[in-house]
Structure formats: structure tokens, C-alpha cells
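Observations on the three-dimensional arrangement
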Amino acid sequence: MAIARNGLPTLTRPDGSPIRILAVDDESSITELLSMALRYEGWEVTTAASGRDAVKAARETAPDAIVLDIMLPDFDGLETMRRIRAEQPDIPVIFLTAKDSVDDRIVGLTAGGDDYVTKPFSLEELVARLRSLLRRAGATAAKSDSQLVVGDLVLDEDSHEVTRAGHEVQLTATEFELLRYLMRNPKRVLSKAQILDRVWNYDFGGQANVVELYISYLRKKIDAGRPPMIHTLRGAGYVLKPAVAD
């Protein structure tokens, strides 16, 4: 299990490569502190001291999130965000600001910022907010030996947390066990008899309806509004495999 030096699970991109953060502030002392704290997480950090440099850096590095000062020497953080999002529309942004009024916070968030931190700020708080934001945005995965991953579906056998495309999925204990069995056997057709034996721990004997029922429960939670992952093969059973986008 990959652990950052802070003792928390290391967050990586879904392909296992390091998270990329762009930190933008015209005060070098702040970008140095941010770089130190974020590299401590095992992430890659690029810094910029102006809006123009930030736009160029975002284009070159394709960051997973941006920590962006509102006050910059050329154009402000709001304009910087607009220019970056013209090319990378879904990139999460946390604003840094020395301003502490409710109006300034509202302006930043209504302009499309995902969060804000007021200077002076706690590095621990900023990192915690970044971790949360990256998870919500689906840009990351906590790599752990306890995790089963099939496509954009992630199941943690230790914490019993399940997410699809970064969105949490709430399951009952039986639904969790059924999904775990399916995910341990991706792309493999599992018969109703096999599922009954492994999930409910009794032999097949006219109880196929309970499998059908719980498969339908899972589909409503896993596949609803998304490309399907759970498929029925008539006369054979069920198979879970990565979704194919339309």
C-alpha cells in the first residue's frame, strides 16, 4: 500500500502516475512552501508567478488542480482561471486570497472556483482541501493493496468504500459482497449458482431470484445514468467489465 510521508494513502492519477499541481502566486515564499508541502504528498508541482506564466504552465503540464492567488501582477486570478479553462474546462481551482470579506469569497466561487483559502492559511488545511477536491473531481485514486479497480469503479475492501468515476456509491453489506465477488472476477461470466455459493454461502436450490434481485439493486446504484458495467448473459450468468462509452 502506497503511503505518503504524512501517513495518509498516496493519491495518484488513475493510471498510477503522480498527481500534478500548478501553484500560482507572485510571492516566492508562498510557492516554495506550497511546493514543499505538495511534494511531501508525493505529487509533482509546477509554480508560476503571473497569470501569463500560469496559462503557459497549465498548457504545458496539464495539471490535475490549480492553487491560484487572486492578486497577480498582470491579470488577476479570475482572468487566469478563465483563460486556462478555455482550454481545460474541467480543471479544479482553489483560490488563495488575502481578502476576507464574504463578497470576495462569493465572487471567486460564482466565477467558477471550486474552493478558496484565505491568507494566512494552514498548509495542512490546504492539502486536505486539495485531496478532497481531487477525489470529488475524479482525478485521482488512492492506490492501495486493498482496492479492487475495474474501469472507473473502485472498491476498497478495508474501508468498504465504493466509488464510480469519483462519486461515492452507498451499498448494503450484501450488495458490497456481491460487487466484491464480481470485481474479483472481471470479464468472467459467473453463474447464479456460483454467486449463491460465494456470496450467500449455500448451494443453488431454486433461489436464483435472490441473485436477480440483488443484481438489479446493484445496477440501480452502479450503472444508473452511466454506461453499464454489469451485463446479463442469458442462460449463463452475469459479468462485470469496464464500461464502453457511447
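Everything numeric here is computed off the predicted structure, so don't read it as measured data.

This part covers the sheet that holds strand β5 (residues 93-97). Across the sheet, five strands lie side by side as β3-β2-β4-β5-β6; this open sheet has parallel pairing. The strands lining the two open edges of the sheet, one partner per strand, are β3 (44-48) and β6 (115-118). For this sheet, the mean angle separating the axes of adjacent strands, direction not counted, is 20°. In this sheet, β3 lies alongside strand β2 (residues 20-24) in parallel orientation, the contact comprising five bridges. Each residue of the ladder has a partner; that of Leu22, found in β3, is Thr46. Sheet strands in contact with helix α2 (residues 51-61) are β2 and β3, and its direction is about 175° off that of β2.

With that settled, the discussion passes to the packing of aromatic side chains. Here the structure, examined in full by the defined rule, presents one aromatic pair. Plain terms: the ring middles of Tyr214 and Tyr217 are 5.1 Å apart, the flat faces sit at 75° to each other, and that makes the pair edge-to-face. Within this pair, Tyr214 and its partner Tyr217 are both found in helix α8 (residues 208-222), separated by three residues, close to a single helical turn. Looking at Arg83, its charged tip hangs above the ring of Phe75, at a distance of 3.9 Å from the centre.

To continue, consider the sheet that holds strand β11 (residues 167-168). Sheet strands line up and pair through hydrogen bonds in the backbone, either parallel or antiparallel. In space, the four strands of this open sheet follow the order β8-β9-β10-β11, with antiparallel pairing throughout. In this open sheet, the two edge strands, each paired with only one partner strand, are β8 (147-150) and β11. Two elements, β8 and strand β9 (residues 153-156), share four bridges in a ladder whose sense is antiparallel. Each residue of the ladder has a partner; that of Gln147, found in β9, is Asp156.

To continue, consider the packing of α2 against helix α3 (residues 77-87). As a packed pair, α2 and α3 sit with axes 9 Å apart at the nearest point and diverge in direction by 20°. With respect to each other, α2 and α3 are oriented roughly parallel. Crossing of α2 against α3: the hand is right-handed. Residue-level inspection shows Gly51, Ala54, Val55, Ala58 and Arg59 of α2 in contact with α3, the latter providing Thr80, Arg83, Ile84 and Glu87. Of the residues contributing to the contact of α2 with α3, the split by class is four nonpolar, two polar and three charged.

This part takes up the pattern of salt bridges. Counted by the stated rule, this structure contains 18 salt bridges. Glu157 serves as the salt-bridge partner of Arg184, at 2.5 Å between the closest nitrogen and oxygen. Remark: Glu157 occurs in the loop between β9 and β10 (162-164) and Arg184 occurs in helix α6 (residues 173-184); sequence separation between them is 27 residues. Counted as one network, the salt bridges with shared partners bring together Asp25, Glu27, Asp69 and Lys119.

Relative to the elements of secondary structure, Thr47 occurs in strand β3. Through-space distance from the C-alpha of Thr47 to that of Ile66 is 9.8 Å; in sequence the pair is 19 residues apart. Setting aside residues no more than four positions away along its own chain, Thr47 makes contact with Leu22, Ala23, Thr31 and Ser35.

Glancing now at the nonpolar core. Counting residues in hydrophobic clusters, the biggest one holds 28 residues, and the most contacted among them are Val162, Leu179, Ile195 and Leu240. Elements with a minimum of two residues in this core: β8, β9, α6, α7 (192-200), α8 and β13 (237-240). Those residues in contact with Leu179 that lie beyond four places of it in its chain are Leu153, Leu155, Val162, Leu171, Leu218, Ile222 and Leu240. Counting residues in each nonpolar core, the second largest holds 20 residues, with Ile30, Leu38, Val67 and Leu133 among its members.

Cut-offs applied
Residues numbered from 1 in each chain as written. Predicted model: local features only at pLDDT ≥ 70, side-chain atom pairs only at ≥ 80, totals over all residues. Heavy atoms only, no water. Pairing = 2+ DSSP bridges. Helix = DSSP H or I, 4+ residues; strand = E, 2+ residues; numbered from the N terminus. Axes fitted to C-alpha atoms, helices over the stretch in contact; angles between N-to-C directions. Contact = heavy atoms within 4.5 Å. Phe/Tyr/Trp six-rings, centres within 6.5 Å; stacked < 30°, edge-to-face > 60°. Lys NZ or Arg CZ within 6 Å of the ring centre and 35° of its normal. Parallel < 35°, antiparallel > 145°, perpendicular 65-115°, else oblique. Left-handed = near helix turned anticlockwise from the far one by under 90°. Nonpolar A, V, L, I, M, F, W, Y, C, P; charged D, E, K, R; others polar. Salt bridge = Lys/Arg side-chain N within 4 Å of Asp/Glu carboxyl O. Core = buried A, V, L, I, M, F, W, Y, C linked by side-chain atoms within 4.5 Å. Buried < 20%, exposed > 50% of the residue type's maximum accessible area, 1.4 Å probe, protein only.

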